[in-house]
Amino acid sequence: MFIMAATGSAVGLGNIWKFPYITGENGGGAFVLVYLVCILLLGIPVMVAEVMLGRRGRQSPVNAMRELTREAGLHGFWNSIGWLGVVAGLLILSYYSVIAGWALAYIPEMGKGTFQGAGVVESQAFFDALLADKSRLLAWQSLFMVLTVGVVACGVVKGLGVAVRILMPLLFVLLLAMLVFAYREGDFAAAATFLFRPDFGALTGRSVLEALGHSFFTLSLGMGSIMAYGAYMPADASIGKTVLVVALLDTLVALMAGMAIFPIVFANPSINPAAGPELLFVSLPVAFGAMPGGLLVGMLFFILVTIAAWSSAISLIEPGVAWLIEQRGFNRFSANILLGLMAWALGLGTILSFNDWSGVTFGGFTFFAAMDFLTSRIMLPLTGLFIAIFVGWVMPRMTAKSELNGDNSKMYGLWLWVLRYICPPAIGVVLLVGLYDTFAAAN
Ligand code: PHE
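Residues numbered from 1 in each chain as written. Predicted model: local features only at pLDDT ≥ 70, side-chain atom pairs only at ≥ 80, totals over all residues. Heavy atoms only, no water.

**Considerations on the overall build of the chain**
For step 1, the next point in the chain: Check the secondary structure of the chain and you find 18 helices and zero strands.
For step 2, the next point in the chain: Relative to the globule expectation of 22 Å for 443 residues, the C-alpha radius of gyration of the chain, 21 Å, shows essentially globular dimensions.
For step 3, the next point in the chain: Principal-axis analysis of the C-alpha atoms places the extent of the chain at approximately 65 × 50 × 45 Å.
For step 4, the next point in the chain: For the chain, contacts bridging at least 24 residues in sequence account for 83% of all contacts bridging at least 6.
For step 5, the next point in the chain: Carbon and sulfur atoms provide 69% of the accessible area of the chain, an area that totals close to 16,600 Å².
For step 6, the next point in the chain: If the 22 positive side-chain charges of the chain are averaged to one point and the 22 negative ones to another, these points end up 11 Å apart. (Helix = DSSP H or I, 4+ residues; strand = E, 2+ residues; numbered from the N terminus. Rg over C-alpha atoms; globule rule 2.2 N^0.38 Å. Contact = heavy atoms within 4.5 Å. Areas by Shrake-Rupley, 256 points an atom, 1.4 Å probe, with all protein chains shown as cover. Lys, Arg positive; Asp, Glu negative; His and termini not counted. Charge placed at Lys NZ, Arg CZ, Asp CG, Glu CD.)

Right under this line is the structure:
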């Protein structure tokens, strides 16, 4: 159950939409390599730590941190791990729901055959028209938000869990089928070269920070989601093994999405690999328009993407909901409505950033880009850093040891060593250099 919930949270737009487009923007191979190293060296150890904190605390992230710090007689500063997460979750949900709305919007279009036989020009025109139409964006974003809030408010998360158990494997199979199509019809070799041959010349501090931030984003780390789910994990389950499975599945889906999208991108010279957030939405419909049965496959694809986004969105809102219930006496229903409304309202900024406000910038970022930057490149790594320091250096050693005693002792030693000596300096340096590079480039 924990594996399903955690995979449902981890696999989402981050893998299918974001990973391919930021890889395109950051020049391919070298970025992918750094991303993989970040997952292995920083993401997995921090994930183990975060699940452990949740299982130990057995409450909402905010209260779990409060409990753990009190238990060990530590400074209240460490409670910020819980706090930052609740805030980051709402900020991420605000734009996540807009992008998930795009996927929703594509479902009926696929079914109507809008993309049958369409080329890149038509696909691009459709996407541009969608972004220009704020009321359509608003309608789809709102629908997605209602779905998210609804499922949690009605307490049918279990029901979704069952759906995810069936549909996630289906998403996997569909991605495989698209890989085969991309292999036969697209420029597979160019895509493989782009993704797997590192050109370190293309790498800057900014892109390393992006890879780090994305490794946290895609694993749902640094935000309390995984901590909140850890609270439901049985005491005798091995945290290490479970985390490895989730991280592996998550990485696999991202790489498969990349290998499904880039062959099509490189076979169509008019699609720019560095096009940004539109990459998935412009390239794949062209493929669906050309493949036999594309009407159905395309519809199914966007339905599955929506469901993957849905199960991630639920985990974005859950830490805040749990806290409102425990601490402020809310019931599940009203807590969800309140947080859902807040994220929805903030999402209006992202909607407008694609049309009316496209010229309005904050330190060089549009509203959407600013939200993305603030959350995935500052807040998530920062919380990850705090978690590594807290678990590695501050918390009593026995706590971690007793939670992880089901795990192999050599692995435990290795994990602790990496968490203490690799994670904090690496995350710290990447954060500083990345921020410096970003703002130096902006000025
Ligand atoms: N991991 C999710 C994705 O890849 C996004 C997410 C981030 C969900 C943080 C929960 C917490 O789409």
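Following the structure, the description resumes.
**Thoughts on a nonpolar patch on the surface**
For step 1, the next point in the chain: A cluster of nonpolar side chains, Leu-33, Val-37, Leu-40, Leu-41 and Phe-200, forms an exposed patch at the surface whose accessible area comes to about 460 Å².
For step 2, the next point in the chain: For Leu-40, the position within the fold is in helix 3 (residues 29-57). (Patch = residues over 30% accessible without salt bridge, like charges linked within 9 Å, V, L, I, M, F, W, Y side chains within 5 Å. Salt bridge = Lys/Arg side-chain N within 4 Å of Asp/Glu carboxyl O.)

**Points about empty space enclosed by the protein**
For step 1, the next point in the chain: Applying the stated criterion across every chain, the model contains two cavities of 30 Å³ or more.
For step 2, the next point in the chain: Put simply, the largest cavity is a space of about 130 Å³.
For step 3, the next point in the chain: Ser-9, Tyr-96, Phe-217, Ser-220 and Leu-316 are, among the 14 residues lining the largest cavity, the residues nearest its centre.
For step 4, the next point in the chain: Looking at the lining of the largest cavity, the elements that each hand over two or more residues are helix 1 (2-10), helix 5 (80-112), helix 10 (205-218) and helix 14 (294-328).
For step 5, the next point in the chain: Within the lining of the largest cavity, the residues separate by chemical class into seven nonpolar, seven polar and no charged.
For step 6, the next point in the chain: Computed from the structure, the second largest cavity encloses a volume of approximately 30 Å³.
For step 7, the next point in the chain: At the level of elements, helix 2 (13-25), helix 10 and helix 16 (367-394) are the ones that each hand at least two residues to the lining of the second largest cavity.
For step 8, the next point in the chain: In the lining of the second largest cavity, the residues fall into one nonpolar, three polar and three charged. (1 Å grid on protein atoms, 1.4 Å probe; cavity = no way out; pocket = protein on both sides within 12 Å on 5 of 7 lines; lining within 4 Å. Points joined across faces, edges and corners; volume = space filled by probe spheres on them. Nonpolar A, V, L, I, M, F, W, Y, C, P; charged D, E, K, R; others polar.)

**Considerations on the environment of Leu-385**
For step 1, the next point in the chain: Relative to the helices and strands, Leu-385 is located in helix 16.
For step 2, the next point in the chain: Residue class for Leu-385 comes out buried when judged on its relative accessible area of 13%.
For step 3, the next point in the chain: Here the alpha-carbon distance between Leu-385 and Thr-148, two residues 237 residues apart in the chain, equals 29 Å.
For step 4, the next point in the chain: Other than its neighbours up to four places away in sequence, Leu-385 contacts Pro-424, Ile-427 and Gly-428. (Buried < 20%, exposed > 50% of the residue type's maximum accessible area, 1.4 Å probe, protein only.)

**Things to note about the site of the ligand**
For step 1, the next point in the chain: Within the structure, the ligand sits among 15 residues, and Ala-10, Gly-14, Tyr-96, Phe-217 and Ser-220 are positioned closest to it.
For step 2, the next point in the chain: A distance of 3.1 Å separates an oxygen atom of the ligand from a polar atom in the backbone of Leu-13.
For step 3, the next point in the chain: A distance of 3.0 Å separates a nitrogen atom of the ligand from a polar atom in the side chain of Ser-220.
For step 4, the next point in the chain: About the coverage of the ligand: the protein hides 100% of its 320 Å² of free accessible area.
For step 5, the next point in the chain: When atoms are counted within 2 Å of each cavity's grid points, the one that captures over half of the ligand is the largest cavity.
For step 6, the next point in the chain: Residue assignment for the shell around the ligand shows that the elements contributing at least two residues are helix 1, helix 2, helix 10 and helix 14. (Near = heavy atom within 4 Å. Polar contact = N/O pair within 3.5 Å; in protein donor to acceptor, adjacent residues only side chain to side chain. Sits in = over half its atoms within 2 Å of the grid points.)

**So, the side chain of Ser-207**
For step 1, the next point in the chain: Checked against the element boundaries, Ser-207 lands in helix 10.
For step 2, the next point in the chain: By relative accessible area, which is 1% here, Ser-207 ends up buried.
For step 3, the next point in the chain: A distance of 2.9 Å separates a polar side-chain atom of Ser-207 from the backbone nitrogen of Thr-204.
For step 4, the next point in the chain: Among all residues touching Ser-207, those that are not within four sequence positions of it are Asn-26, Phe-31 and Ala-202.

**Overview of unusual backbone geometry**
For step 1, the next point in the chain: If you check the backbone angles, Ser-220 has positive phi at about 60° while not being a glycine.
For step 2, the next point in the chain: Here Ser-220 is to be found in the loop between helix 10 and helix 11 (225-230).
For step 3, the next point in the chain: Classification of Ser-220 as buried rests on a relative accessible area of 10%.

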